[in-house]
Every structure is written in structure tokens, then in C-alpha cells.
Amino acid sequence: LAVAITLILWVSAITSAFLDNIPYTATMIPVVKILADELPETLPIETLAWALSFGACLGGNGTLLGASANIVTAGLSTSKGYDITFLNFFYL
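One structure accompanies this document, and this report is about it. (Residues numbered from 1 in each chain as written. Predicted model: local features only at pLDDT ≥ 70, side-chain atom pairs only at ≥ 80, totals over all residues. Heavy atoms only, no water.)

1. Structural notes on the nonpolar core
Consideration 1: Judged by nonpolar contacts, Ala4, Ile8, Tyr24, Met28, Val32, Ala36, Leu43, Leu48, Ala51 and Leu52 together constitute the single largest core of ten residues.
Consideration 2: Sorting the residues of this core by element identifies helix H1 (2-18), helix H2 (21-38) and helix H3 (45-60) as the ones contributing at least two each.
Consideration 3: Element by element, the count of residues in this core is highest for H2, at four residues.
Consideration 4: For Ala51, the contacting residues outside a window of four places in its chain are Ile5, Ile8 and Leu9. (Core = buried A, V, L, I, M, F, W, Y, C linked by side-chain atoms within 4.5 Å. Buried < 20%, exposed > 50% of the residue type's maximum accessible area, 1.4 Å probe, protein only. Helix = DSSP H or I, 4+ residues; strand = E, 2+ residues; numbered from the N terminus. Contact = heavy atoms within 4.5 Å.)

See the structure below:
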């Protein structure tokens, strides 16, 4: 169980840092459901869903592309004269 949680959390965080976290999470829900259906006693769906949620949230805050709110904020700040580039956001 600990390996599955760690794997889902970190893979979700890394992937969601470079893809938008909402489509990634929506795509991974069936995968998590299949894992829980295959081993219901060992891998409860609630635990795997929380790992997916936390990983996607963590990754979404990691880069400029990870969440829609980050892109909107960068656009608004650019219109006000404060440029936020991908690397600038990544280093903050």
C-alpha cells in the first residue's frame, strides 16, 4: 500500500507539473479505479484517490503550466508590466 501511494503521488506530481492537473486527474481516475478493483483488500480506492489528488495538487503548483490559475495570473501580471516566465515561476 505504501509503495502504491508513493508511486501514484510522485508520478502525479511530476506529470501534473508539466500538464494541466485537471485533465491529468480526470485521465488517471479510471487507472486508479482499475487498481483498486484488482486488489480491493490491499489498495482501497479512497487512499489511492487521495494520493492522486495530493500529487496533482502538488504538481499543479510546481510550474507555470501545471494549473490554469497559474497561467491566468501570469497573463494578468504581464498586462500590468510584471513578466513571469516559465523559469522565473519555477525558481520562485
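On we go from here.
2. Some thoughts on the side chain of Ser16
Consideration 1: You can see Ser16 is positioned in helix H1.
Consideration 2: Among the residues examined, Ser16 registers a relative accessible area of 0% and is labelled buried.
Consideration 3: A polar side-chain atom of Ser16 sits 3.1 Å from the main-chain carbonyl oxygen of Ala56.
Consideration 4: Look past the residues within four positions of Ser16 in its chain and what remains in contact with it is Asn21, Tyr24, Ala56, Gly59, Gly60 and Gly66. (Polar contact = N/O pair within 3.5 Å; in protein donor to acceptor, adjacent residues only side chain to side chain.)

3. Notes on the packing of aromatic side chains
Consideration 1: Across all of its chains, the model carries two aromatic pairs by this definition.
Consideration 2: Ring centres 6.4 Å apart and planes at 35° place the aromatic pair Phe18 and Phe86 in the tilted group. Taken together, the positions of Phe18 in helix H1 and Phe86 in helix H5 (residues 86-91) put the pair 68 residues apart, joining distant regions of the chain.
Consideration 3: For Phe86, a relative accessible area of 29% puts it in the partly exposed group. (Phe/Tyr/Trp six-rings, centres within 6.5 Å; stacked < 30°, edge-to-face > 60°.)

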